[in-house]
Amino acid sequence: MIHSRITGTGSCLPGDPVTNDALIAARGLDSSDAWIVERTGIRARHFAPEGMAASDLALVACRRALAAAGRQPNDIDLIVLATSTPDFVFPSTATILQDKLGITNGGAAFDLQAVCSGFIYALAAADKFIRSGSHQRALVVGSEVFSRILDWQDRGTCVLFGDGAGAIVLEASDTPGILATALHADGRHRDILSVAGQLSGGRPIGDPLLRMDGQAVFKFAVKVLAEVAEEVIAAAGLTKAQIDWLVPHQANIRIMQATTKKLHLPPEKCIVTVDRHGNTSAASIPLALDEAVRSGKLGAGETALLEGVGGGFTWGAALVTL
Ligand code: ACO
């Protein structure tokens, strides 16, 4: 039986951290460090400079993941890249990344859009490709330049997000690494978090910036994350007591704490990067995973629950062992 395993992780954060105070001063916001920290846990985030695109951040993250896996770019026969802030309408950011990596082997490459759940969707998709036997080695990537779609006049959203990328190398293996995945969506909730601009005749029309009903998102996220955690643990035939680490989407420390509690995990077993990265949407989980691996927290043989929720609404989880 073919399984898939994570053999390397990598990530990229552009530039220097921008603290809450620096952001407030730069944008003239009626806000405070204390408000942002208390409501979200966010203290800083990174923003990509003008001219730096999602594919540029992804390139650095992927090179680091490839080096960690001991692989060359042309060993990769599948790229699944999750983003809501692609370089262009088309070609896909995945094919731009493929070219920048110098991959010429004709492998598959495509973008996947599930907003903040994007990395979980991409991981589940790549896992299924590999287990089917059609592909051997994938780069699974989340990369975002959310700073480009923020309304700097809206203090309720512009303080929450940051830019970055994370990537893993996922390879066919005789032993299980991805133990179970679960994906869900409910389009009835599509209006509580959206960027509703459209293309018409090739031109953007409507509102191209992020709009959110924060309290509705908060309640929805806490509920579905608890449910999908239970689901994926049961699907793998495990119990909560066998989960070593929670690597959640980094949106808000209070959402993460609620899930940690529901899993009966001690707080220190939840990987937290939201304080330094903000919410990097599809990049947040692989950024947190890379930090957990490189810091030596998440070790070989340990089991981690990855989970995310985002616009659509979409949500999902993956249970992995390294
Ligand atoms: N600084 C100061 N005051 C602010 C700020 C700010 N940055 N933002 C909003 N406020 C004000 C509001 O204007 C409001 O003022 P008012 O009472 O005079 O009208 C007051 O604070 C309370 O606003 P609420 O929206 O009720 O604040 P709440 O406690 O809900 O916190 C927050 C807002 C942080 C957005 C919260 O709802 C939240 O975290 N929701 C989850 C959203 C999230 O994580 N989204 C990420 C994207 S989705 C995802 O990744 C899953």
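The shown structure was predicted, so the numbers you read here are calculated from the model rather than taken from an experiment.

## Describing the sheet that holds strand β1 (residues 3-12)
Okay, step 1: Strand order in the open sheet made by the five strands is β1-β7-β6-β4-β5, with mixed pairing throughout. In this open sheet, the two strands that pair with only one neighbour each are β1 and β5 (108-112). Between one strand axis and the next, the sheet turns by 15° as a mean value, whatever way the strands run.
Okay, step 2: Bridge count for strand β4 (residues 78-82) against β5 is five bridges, and the pairing is parallel. Within β5, the residue paired with V80 across the bridge is F110.
Okay, step 3: Of the strands in this sheet, β1, β6 (137-145) and β7 (163-173) are in contact with helix α10 (residues 284-294), which crosses β1 at around 95°.

## Considering the site of the ligand
Okay, step 1: Around the ligand sit 21 residues, and of these S31, R39, Q215, H249 and N252 come closest.
Okay, step 2: Here a nitrogen atom of the ligand and a backbone polar atom of G214 are 2.9 Å apart.
Okay, step 3: Separating an oxygen atom of the ligand from a side-chain N or O atom of Q215 is a distance of 2.6 Å.
Okay, step 4: Expressed as a share of its isolated accessible area of 1000 Å², the protein-covered part of the ligand is 73%.
Okay, step 5: For the shell around the ligand, the elements supplying multiple residues, two or more each, are α2 (33-40), α6 (155-158) and α7 (214-235).
Okay, step 6: In terms of residue count, α7 provides more of the shell around the ligand than any other element does, four residues in total.
Okay, step 7: A class-by-class count of the residues in the shell around the ligand yields ten nonpolar, eight polar and three charged.

## Observations concerning the domain arrangement of the protein chain
Okay, step 1: Per the domain assignment, the segments making up the protein chain are domain 1 (3-174) and domain 2 (179-321).
Okay, step 2: A separation of 14 Å is found between the C-alpha centroids of domain 1 and domain 2.
Okay, step 3: Contacts between the two partners involve 53 residues from domain 1 and, on the opposite side, 47 residues from domain 2.
Okay, step 4: Here domain 1 and domain 2 share an interface that buries about 3600 Å² over both sides, 64% of which is from carbon and sulfur atoms.

## Examining unusual backbone geometry
Note on backbone geometry: most residues besides glycine have negative phi, and most peptide bonds are trans.
Okay, step 1: Cis geometry is found at the peptide bond from F90 to P91, where omega equals 5°.
Okay, step 2: On the secondary structure map, P91 appears in the loop between β4 and α4 (93-101).
Okay, step 3: Not every positive phi belongs to a glycine, and V115 is a case in point at roughly 50°.
Okay, step 4: Tracing the sequence through the fold places V115 in the loop between β5 and α5 (118-132).
Okay, step 5: For V115, a relative accessible area of 18% corresponds to the buried category.
Okay, step 6: Even without a glycine there, the phi angle at H264 is positive, about 60°.
Okay, step 7: As for its position among the elements, H264 is in the loop between α8 (253-262) and α9 (274-277).

## Some words on the pairing of strand β15 (residues 314-321)
Okay, step 1: With eight of eight residues buried, β15 lies mostly within the body of the structure.
Okay, step 2: Here β15 shows a buried face lined by T314, G316, A318 and V320 and a second buried face lined by W315, A317, L319 and T321.
Okay, step 3: Judged from the seven bridges that link them, strand β8 (residues 178-185) and β15 form a sheet pairing that is antiparallel. Within β15, the position partnered with T181 by the bridge is A318.
Okay, step 4: As paired strands, strand β14 (residues 303-310) and β15 are joined by eight bridges and run antiparallel to one another. Among the inter-strand pairings, G308 is bridged to a residue of β15, identified as G316.
Okay, step 5: Between β14 and β15, which pair antiparallel and follow one another directly, the connecting turn spans three residues, one of which, G312, has a positive phi of 140°.

## Brief notes about the side chain of H249
Okay, step 1: Topologically, H249 is positioned in the loop between β13 (245-248) and α8.
Okay, step 2: Classification of H249 by relative accessible area gives buried; the value is 7%.
Okay, step 3: In terms of polar contacts, H249 uses its side chain to reach the side chain of N279, at 3.4 Å.

Rules used throughout
Residues numbered from 1 in each chain as written. Predicted model: local features only at pLDDT ≥ 70, side-chain atom pairs only at ≥ 80, totals over all residues. Heavy atoms only, no water. Pairing = 2+ DSSP bridges. Helix = DSSP H or I, 4+ residues; strand = E, 2+ residues; numbered from the N terminus. Axes fitted to C-alpha atoms, helices over the stretch in contact; angles between N-to-C directions. Contact = heavy atoms within 4.5 Å. Near = heavy atom within 4 Å. Polar contact = N/O pair within 3.5 Å; in protein donor to acceptor, adjacent residues only side chain to side chain. Areas by Shrake-Rupley, 256 points an atom, 1.4 Å probe, with all protein chains shown as cover. Nonpolar A, V, L, I, M, F, W, Y, C, P; charged D, E, K, R; others polar. Domains from an automatic or database assignment. Buried area = accessible area lost by both parts, 1.4 Å probe. Buried < 20%, exposed > 50% of the residue type's maximum accessible area, 1.4 Å probe, protein only.

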